[in-house]
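Fold and contact review
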Amino acid sequence: MNLIYYMTEKNIKIRLALASALIATSVSTRIILVSLPNIKLVSFITILSGIIGGPFLGSLVGLFSILLTDIFYFGVGFWTIITSLSMSFIGLLSGFIWYKSSNIPSKLQLGIFGCLLTLLYDILTSILSLPVLFNLLYGNFDKFWFLIFNLLIGLFLPLGGFLWPAGPAHELFTALLLVFIGPTLIRRIKLILNDKYN
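Report follows, based on the coordinates. (Residues numbered from 1 in each chain as written. Predicted model: local features only at pLDDT ≥ 70, side-chain atom pairs only at ≥ 80, totals over all residues. Heavy atoms only, no water.)

1. Let's talk about a nonpolar patch on the surface
Where we set the bar: Think of a patch as exposed residues, more than 30% relative accessible area, with no salt bridge, where like charges cluster within 9 Å and nonpolar side chains (Val, Leu, Ile, Met, Phe, Trp, Tyr) cluster within 5 Å. The Shrake-Rupley method, run with a 1.4 Å probe sphere, supplies the accessible areas, and residue values consider only the shown protein chains as cover. Salt bridges are defined as contacts in which a side-chain nitrogen from Lys or Arg sits within 4 Å of a carboxyl oxygen from Asp or Glu. A run of DSSP states H or I qualifies as a helix once it reaches four residues; a run of E qualifies as a strand once it reaches two. Both are numbered from the N-terminal end. Summary of the burial criterion: residues with accessible area below 20% of their type's maximum are buried, those above 50% are exposed, and those between are partly exposed, where the area comes from a 1.4 Å probe applied to protein chains only.
A contiguous nonpolar patch, built from Ile97, Leu108, Ile112, Phe113 and Leu116 and spanning about 460 Å² of accessible area, is present on the exposed surface. A total of 4 residues in the nonpolar patch trace back to one element, the largest contributor, which is helix H5 (residues 107-137). Among the secondary structure elements, isoleucine 112 is positioned in helix H5. Take isoleucine 112: its relative accessible area is 43%, and that puts it in the partly exposed class.

2. Some thoughts on the environment of glycine 167
The topology assignment puts glycine 167 in helix H7 (residues 166-180). C-alpha separation for the pair glycine 167 and leucine 157, spaced 10 residues apart in sequence, amounts to 7.9 Å.

3. Topic: the nonpolar core
We apply this condition: Take the buried residues of types Ala, Val, Leu, Ile, Met, Phe, Trp, Tyr and Cys, join any two whose side-chain atoms come within 4.5 Å, and each joined set is a nonpolar core. Contacts were defined at the residue level, with two residues in contact if any of their heavy atoms lie within 4.5 Å.
Ranked by internal contacts, the top residues of the largest apolar core, which has 28 residues, are Leu18, Ile47 and Ile52. Looking at this core, the elements with two or more residues in it are helix H1 (3-32), helix H2 (42-53), helix H3 (55-74), helix H4 (78-98), H5, H7 and helix H8 (182-197). Residue contributions to this core peak at 7 residues, all from H2. In this view, isoleucine 52 contacts Leu18, Tyr99, Leu185, Ile186, Ile189, Lys190 and Leu193; residues no more than four positions away in its chain are not counted.

Structure representation (structure tokens):
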């Protein structure tokens, strides 16, 4: 067997195992934390995946984390396409930003960019849901700006019976996870991946 072929095949198997483990962790924590709105590990794990494995892995983890939980637990709807593709985009961006970097991002970088990427996800999902919601609620475009205002402002107001605003809770939780456990996880997983490749 050709050594280059073996190393490439081994590399693919390791990355596939890593992707499976990250997706399984993301899916299970999304279901376990269902009772806490926007306190989820999906953004954290997706961003982490992009940093560790690059844009493709980040995108894959983001896509399947949302897609699988919607298919098997929450239910599939128009939002499934919007949320899974938006989370996939967040994983892609985190991979492009940090994967090729020789240094592990600092806690400050992880906190700021994690917060911004999660905010981007929240805004993307709100804006991309607008045409469908608008058509379902009103059937015409007379109240379009009213709906935009409500969706975007709704991100920053308390949700339902909970005392915290949905959007900032999501951004803050992701940023805190990235700051406090992100660097250690990144360092350890990259070390394991580098050991397996040599």
